[in-house]
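Spelled out, the chains give:
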Amino acid sequence: MKTFAATLLFIPLTILPAALLAGAAQMPIIDAHSQVDHEVDLEDVIKLMDKGGVSRTILSTRGRVSPKKLVAFADRHPGRITPGLRTKGFAYIANRPKYYRMLKMQLRLPQFGALAEVLLYHAQKGDLAPEISVLPEEPQAKAALEIALERKWPFIAHIEFAAAQFDRDEFMKKFEAMAAAHPKHPFPLIHMGQLPADDVARLIGAHPNVFFMTSWSNPVAISAAPGQPWMNLFKGWRLAPRWKKLIIRHPDRFILAFDNVFADHWGDFYLDEIAVWRKVLAELPPAVAHALAHRNAERVWRLPPAKLPAK
């Protein structure tokens, strides 16, 4: 299968600026959302987490990876993997009965501790993934929301606002209505929602329960998927001043996540991203850095305190 690797512009860890690596913060990291498919060796995930100092990953599946395989993997590595209940797939897109059967089957497995992202607007990614447009009030999205509310799991909304173009205002209105209707429930936007800083600041002010996940918002990731309107939080290898100011002003609203998708992401690409973010963590005030790296995820997903993996 063709993956993003066909267009990856990897920046090997060994050629990143020396100061970036030398200044990397030594603190635990929680990856609040990543994925594996059938081409990923699950044990490689743990090896890479150890190498990058990632304490825990909230992990979901795509492709031909069964829920039982995922939870068995989590059982082999207690405290390192939190299985995320899968929603995505063609049955979800088409709102077929198979989708609801998949949800019920996963809910019978007690190891699940999170809900994976819910695709509301997803732009077409070449021949890798189709355009998906599901409004929050449509049945398949409502079913996922009901699970999130019942289990007290954050509802990770996947809305690519920059890519949505003509539907942007409608998705914003619907997303805000959903968040406002459940003011005590957390609604993280994955990939920063592809929103500029002014929109993020407005949502932070309007909705205390909206959070922003940093996946695909750094130069390593953005170079891997040219042509997509990701929101780059960086200027060069440092946080852009506007974003740094916003994160310091609202340290409780940003959550570190990588959202690896394909097997090619579980390698040097992942370690390069970790190195970039560790440089950022070293440059932030300690309390802000810990909030971004792991404490916000601990609070929002009700996880135990993170520790660096044992060497």
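Everything below is about the structure printed above this text.
Residues numbered from 1 in each chain as written. Predicted model: local features only at pLDDT ≥ 70, side-chain atom pairs only at ≥ 80, totals over all residues. Heavy atoms only, no water.

For this particular structure, what's the right way to read the packing of aromatic side chains?
Two descriptors summarise a pair of aromatic rings, namely the distance from one centre to the other and the angle between the planes of the rings. For the structure shown, the criterion picks out ten aromatic pairs. For the ring pair Trp-216 and Trp-230, a centre distance of 5.5 Å and an interplane angle of 35° mean the geometry is tilted. Placement of the pair is Trp-216 in the loop between strand S9 (210-213) and helix H10 (219-224) and Trp-230 in the loop between H10 and strand S10 (234-235), with a sequence separation of 14 residues. The residues Trp-216 and Trp-230 share a single accessibility class, namely buried. With a centroid separation of 5.7 Å and 40° between ring planes, the pair formed by Trp-216 and Phe-269 is classed as tilted. Here Phe-269 lies in helix H12 (residues 268-283) and Trp-216 lies in the loop between S9 and H10, a separation of 53 residues in the sequence. The two residues Trp-216 and Phe-269 agree in class, both being buried. (Phe/Tyr/Trp six-rings, centres within 6.5 Å; stacked < 30°, edge-to-face > 60°. Helix = DSSP H or I, 4+ residues; strand = E, 2+ residues; numbered from the N terminus. Buried < 20%, exposed > 50% of the residue type's maximum accessible area, 1.4 Å probe, protein only.)

Looking at this model, I keep getting lost on the nonpolar core. Mind explaining?
The nonpolar side chains of soluble globular proteins are, as a tendency, buried together. Phe-155, Leu-189 and Phe-212 are the most contacted members of the largest nonpolar core, which totals 92 residues. With eight residues, H12 is the largest single contributor of residues to this core. With near-sequence residues (within four places) excluded, Leu-189 lies in contact with Ala-157, Ile-159, Phe-161, Phe-175, Leu-195, Leu-203, Val-210, Phe-211, Phe-212 and Met-213. Counting residues in hydrophobic clusters, the runner-up holds 15 residues, among them Ile-156, Ile-190, Val-300 and Leu-303. (Core = buried A, V, L, I, M, F, W, Y, C linked by side-chain atoms within 4.5 Å. Contact = heavy atoms within 4.5 Å.)

What should I look at first to understand the pattern of salt bridges in this one?
Side-chain pairs of opposite charge can arise where the charged atoms are in close proximity. Counted under the stated rule, the structure contains eleven salt bridges. Of the charged contacts in the structure, one is a salt bridge between Glu-176 and Arg-202, with a shortest N-O distance of 2.7 Å. Separated by 26 residues along the polypeptide, Glu-176 in helix H8 (residues 168-181) and Arg-202 in helix H9 (residues 197-206) bring together distant segments of the chain. Residue classification places Glu-176 among the buried positions, given a relative accessible area of 16%. A salt bridge links Arg-242 to Asp-198, with the nearest nitrogen and oxygen atoms 3.2 Å apart. With Arg-242 in helix H11 (residues 241-249) and Asp-198 in helix H9, this pair connects stretches of sequence that are 44 residues apart. Exposure remark for Asp-198: the relative accessible area of 57% places this residue in the exposed category. (Salt bridge = Lys/Arg side-chain N within 4 Å of Asp/Glu carboxyl O.)

Treat this as a map of the structure, not an account of what it does.
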